[in-house]
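Chain and residue survey
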Amino acid sequence: MPTKDEKVFAALIYVISFFTAFIGPLVIWLLKKDSSQFVDYHGREYLNFFISYTVYSIVAGILTIVLVGFLLLPVIGIALVVFTIIAAVRAYEGTDYRFPLIFRIL
């Protein structure tokens, strides 16, 4: 079972991503990854999520040339917000959350 502090830091990775998409979660993960396996898992999961959805957004942006991207970009934006909120709640509850449709790079 993760401790209360580990749960808070893991949830903070997701919450702070609304304000600083990359730097805030990266700093928390780098500071806490060696001392907590739970925070390390959620930090890796968020960074994989960020990389994947950045790639999806770039592809959707390119597809705006053929008008498909105009439909995909709002869907990606909504999915990004919803999955981040779900992940923050699950992290605060002390459970693991695997984002759907992401590349497992880290």
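These numbers were taken from a predicted model, which means no experiment stands behind them. (Residues numbered from 1 in each chain as written. Predicted model: local features only at pLDDT ≥ 70, side-chain atom pairs only at ≥ 80, totals over all residues. Heavy atoms only, no water.)

On to the packing of helix 1 (residues 4-16) against helix 2 (residues 23-32), then. Where helix 1 contacts helix 2, the two axes come as close as 8 Å, and the packing angle between them is 160 degrees. Classed by the angle they form, the pair helix 1 and helix 2 counts as roughly antiparallel. Considering only the axes of helix 1 and helix 2, their crossing is left-handed. Contact residues: helix 1 offers F9, L12, I13 and I16, while helix 2 offers G24, P25, I28 and K32. For the contact of helix 1 with helix 2, the per-class residue count stands at six nonpolar, one polar and one charged. (Axes fitted to C-alpha atoms, helices over the stretch in contact; angles between N-to-C directions. Helix = DSSP H or I, 4+ residues; strand = E, 2+ residues; numbered from the N terminus. Parallel < 35°, antiparallel > 145°, perpendicular 65-115°, else oblique. Left-handed = near helix turned anticlockwise from the far one by under 90°. Contact = heavy atoms within 4.5 Å. Nonpolar A, V, L, I, M, F, W, Y, C, P; charged D, E, K, R; others polar.)

Time to look at helix 1. Two residues of an α-helix separated by three or four positions point the same way, owing to the 3.6 residues in each turn. The end-to-end C-alpha distance of helix 1, which contains 13 residues, comes to 18 Å, matching closely the 18 Å that a straight helix rising 1.5 Å per residue would cover. Taken together, the buried positions of helix 1 are E6, K7, A10, A11, I13 and Y14. Across the axial projection of helix 1, the buried residues extend over an arc of 140 degrees, all falling on one side. Residues of helix 1 that are exposed and point over 90 degrees away from its buried face: K4 and D5. Those residues of helix 1 hidden inside the fold are in contact with helix 2, helix 3 (37-62) and helix 4 (69-93). (Expected span 1.5 Å × (residues − 1). Buried < 20%, exposed > 50% of the residue type's maximum accessible area, 1.4 Å probe, protein only. Arc of directions from axis to C-beta.)

Before going further, it helps to spend a moment on the packing of aromatic side chains. In total, this model carries eleven aromatic pairs according to the counting rule given. Taking 6.1 Å as the distance between ring centres and 50 degrees as the angle between the ring planes, the aromatic pair formed by Y46 and F49 counts as tilted. Here the residue Y46 and the residue F49 both occupy positions in helix 3, the gap between them amounting to three residues, near one helical turn. Like F49, Y46 is buried. Aromatic ring contacts, followed pair by pair, group Y14, F22, Y46, F49, F50, Y53, Y56, F83, Y97, F99 and F103 into a single cluster. The side chain of K33 reaches across the aromatic face of W29, ending 4.9 Å from its centre. (Phe/Tyr/Trp six-rings, centres within 6.5 Å; stacked < 30°, edge-to-face > 60°. Lys NZ or Arg CZ within 6 Å of the ring centre and 35° of its normal.)

As recorded in UniProt, the sites labelled "transmembrane region" (unreviewed entry) are residues 12-31 and 56-89. For residues 56-89, helix accounts for 82% and strand for 0%, while the C-alpha atoms at its two ends are 24 Å apart. (UniProt positions renumbered as here; feature names shortened; annotations may be inferred.)

Moving on to the side chain of S36. The topology assignment puts S36 in the loop between helix 2 and helix 3. When its relative accessible area of 4% is taken as the criterion, S36 is described as buried. Side chain to side chain, S36 and E6 meet in a polar contact 3.0 Å long. Within the structure, the side chain of S36 is placed 3.1 Å from the backbone nitrogen of V39, a separation counted as a polar contact. (Polar contact = N/O pair within 3.5 Å; in protein donor to acceptor, adjacent residues only side chain to side chain.)

The next thing to look at is helix 2. For helix 2, the set of buried residues is G24, P25, I28 and W29. Viewed end-on, helix 2 has its buried residues packed into an arc of 125 degrees, placing them on one side of the element. Residues of helix 2 that are exposed and point over 90 degrees away from its buried face: I23 and L31. Residues of helix 2 that are buried in the fold lie against helix 1 and helix 3.

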